[in-house]
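Chain residues, written in single-letter form:
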Amino acid sequence: MRIFSGIQPTGRKHLGNYIGAIVQYVASQYRGEGIFCIVDLHAITVPYSPAELRERCYDTAALLIAAGLEPARCTLFRQSDVPEHTELTWLLSTVTELGRLQRMHQFRDKSLAQRELVSAALLCYPVLQAADVLAYRAHEVPVGEDQREHLELMRDVARRFNARFGDGEEVLVVPEHRIPDVGARIMDLQDPTTKMSTTAASEQGTVFVLDGPQAIERKLKSAVTDSGTEVRRAPEKPGIGNLIEILAAVRDAPPEQIESEYADAGYGAFKAAVAGAVIEYLAPVRERYDELRGDESQLEQILQGGAAQASAIAAETLADVRERMGVGAPRRARTLP
Ligand code: AMP
Ligand code: TRP
């Protein structure tokens with residue numbers, strides 16, 4: 001079984017990314033062939049700093065390795081090092097419905113937030129994401145809840161490609177998403193009705209993976225809750241529900257167990273327990289990150305090795321896709337001297 005996921009090199013990774021996605025990447029190394037991509041070409045669809053982009057790719061590579069990705073056990077690479085992704089994007093855009101791209105939630109939200117240019121690349125973002133996965137004929141894609149719509153689109157793109165060009169065969173694999181039961185949507189600590197994100201209004205609501213113990217404690221202890229006292233999940237208690245979900249994910253325990261353990265503990269004691277557990281959970285990652293991040297040439301070497309492995313797979317898919325679409329020299333002729 002082949003498992004693929006992509007992660008943006010932008011900003012700092014937070015607890016939502018960690019619980020919702022990164023933990024699932026690490027686990028997938030032991031279930032199948034894991035391929036993980038740092039998607040720098042997605043990051044340039046909104047305003048960004050060229051001088052910083054490479055640094056952010058190294059940050060993300062170091063963080064993923066610190067979290068437990070093992071370059072000997074999986075493939076870790078930078079998207080722009082494998083040009084097949086961009087070629088496949090163009091080819092797949094011919095079987096992608098324009099209106100669907102315009103209706104995607106992320107496109108609508110991000111284009112409303114742009115003050116200057118809403119780029120064509122921002123509209124095509126989901127096609128590039130489809131190409132990322134389909135180039136590897138991946139079976140499974142571990143992601144957080146916010147990627148559901150993108151996954152549905154890529155499944156439709158694969159199906160439409162197969163129907164139009166497959167001649168009855170599944171040339172492109174229609175991938176399944178893998179969204180965790182607990183922690184698929186970690187909410188902002190200051191506003192538990194919006195998801196935790198790097199672009200949140202205040203840093204107070206976002207726990208970063210690399211935050212130190214004091215910052216984590218401060219953020220969790222000042223998390224917004226309701227005026228009740230009981231630790232249980234309920235629609236009118238989004239703040240407490242989010243903290244229950246966080247502790248359940250960190251302890252790898254069912255949320256029900258957290259509820260019964262802390263039902264009468266009081267919010268103060270419960271928040272302190274969540275803070276302690278999160279501090280302990282993230283500390284080893286931060287330590288390993290500091291060791292790894294210092295050696296950029298080693299990180300670059302890992303990414304280059306990953307790109308070579310990735311290219312070998314993607315090039316084969318591209319050759320098939322070109323052949324099916326009647327694009328370029330026929331496949332047999334390509335191998336002639
Ligand atoms: P990104 O940093 O935007 O590339 O996101 C990386 C992964 O983290 C994706 O699979 C997202 O679905 C996941 N993710 C982002 N925010 C959250 C959140 N608040 N809760 C759970 N998962 C998230
Ligand atoms: N759009 C995803 C996000 O913001 C990142 C991504 C790019 C991705 N390509 C992917 C996720 C392929 C899964 C598979 O989180």
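Residues numbered from 1 in each chain as written. Chains lettered and ligands numbered in written order. Predicted model: local features only at pLDDT ≥ 70, side-chain atom pairs only at ≥ 80, totals over all residues. Heavy atoms only, no water.

Student: Mind showing me how you'd approach the site of ligand 1 here?
Tutor: In the vicinity of ligand 1 lie 18 residues, with Q8, K13, G144, D146 and I186 positioned nearest. A distance of 3.1 Å separates an oxygen atom of ligand 1 from a polar atom in the side chain of N17. In this structure, a nitrogen atom belonging to ligand 1 sits 3.0 Å away from a main-chain N or O atom of M196. Starting from 490 Å² of accessible surface for ligand 1 in isolation, the protein chains cover 89%. A total of four residues in the shell around ligand 1 trace back to one element, the largest contributor, which is helix α1 (residues 15-28). (Near = heavy atom within 4 Å. Polar contact = N/O pair within 3.5 Å; in protein donor to acceptor, adjacent residues only side chain to side chain. Areas by Shrake-Rupley, 256 points an atom, 1.4 Å probe, with all protein chains shown as cover. Helix = DSSP H or I, 4+ residues; strand = E, 2+ residues; numbered from the N terminus.)

Student: In this structure, what is going on with the pattern of salt bridges? I would like to understand it.
Tutor: One side chain can pair with another of opposite charge once the charged atoms of both are near each other. Taken as a whole and assessed by the stated rule, the structure comprises 30 salt bridges. Of the charged contacts, one joins R178 and E140 as a salt bridge, the two residues approaching to 3.7 Å between their closest N and O atoms. With R178 in strand β5 (residues 176-178) and E140 in strand β4 (residues 140-142), this pair connects stretches of sequence that are 38 residues apart. Here E140 falls in the buried class, since its relative accessible area comes to 10%. R148 is the salt-bridge partner of E145, the closest N and O atoms lying 2.8 Å from each other. (Salt bridge = Lys/Arg side-chain N within 4 Å of Asp/Glu carboxyl O. Buried < 20%, exposed > 50% of the residue type's maximum accessible area, 1.4 Å probe, protein only.)

Student: Would you mind showing me how to read the environment of E145 here?
Tutor: Position of E145 relative to the elements: it lies in the loop between β4 and α8 (148-165). It is 8.9 Å that separates the C-alpha atoms of E145 and G183, two residues lying 38 residues apart in sequence.

Student: How should the domain arrangement of the protein be read in this particular structure?
Tutor: It is common to report an interface's size as the accessible area lost on association of the parts. Per the domain assignment, the segments of the protein are domain 1 (2-183 + 295-334) and domain 2 (203-291). On a C-alpha basis, the centres of domain 1 and domain 2 stand 31 Å from each other. With 16 residues of domain 1 at the interface, the matching set in domain 2 holds 19 residues. The junction of domain 1 with domain 2 conceals about 1,500 Å² of combined surface from both sides, 71% of it contributed by carbon and sulfur atoms. Viewed at the interface, domain 2 and domain 1 are joined by one salt bridge. (Domains from an automatic or database assignment. Contact = heavy atoms within 4.5 Å. Buried area = accessible area lost by both parts, 1.4 Å probe.)

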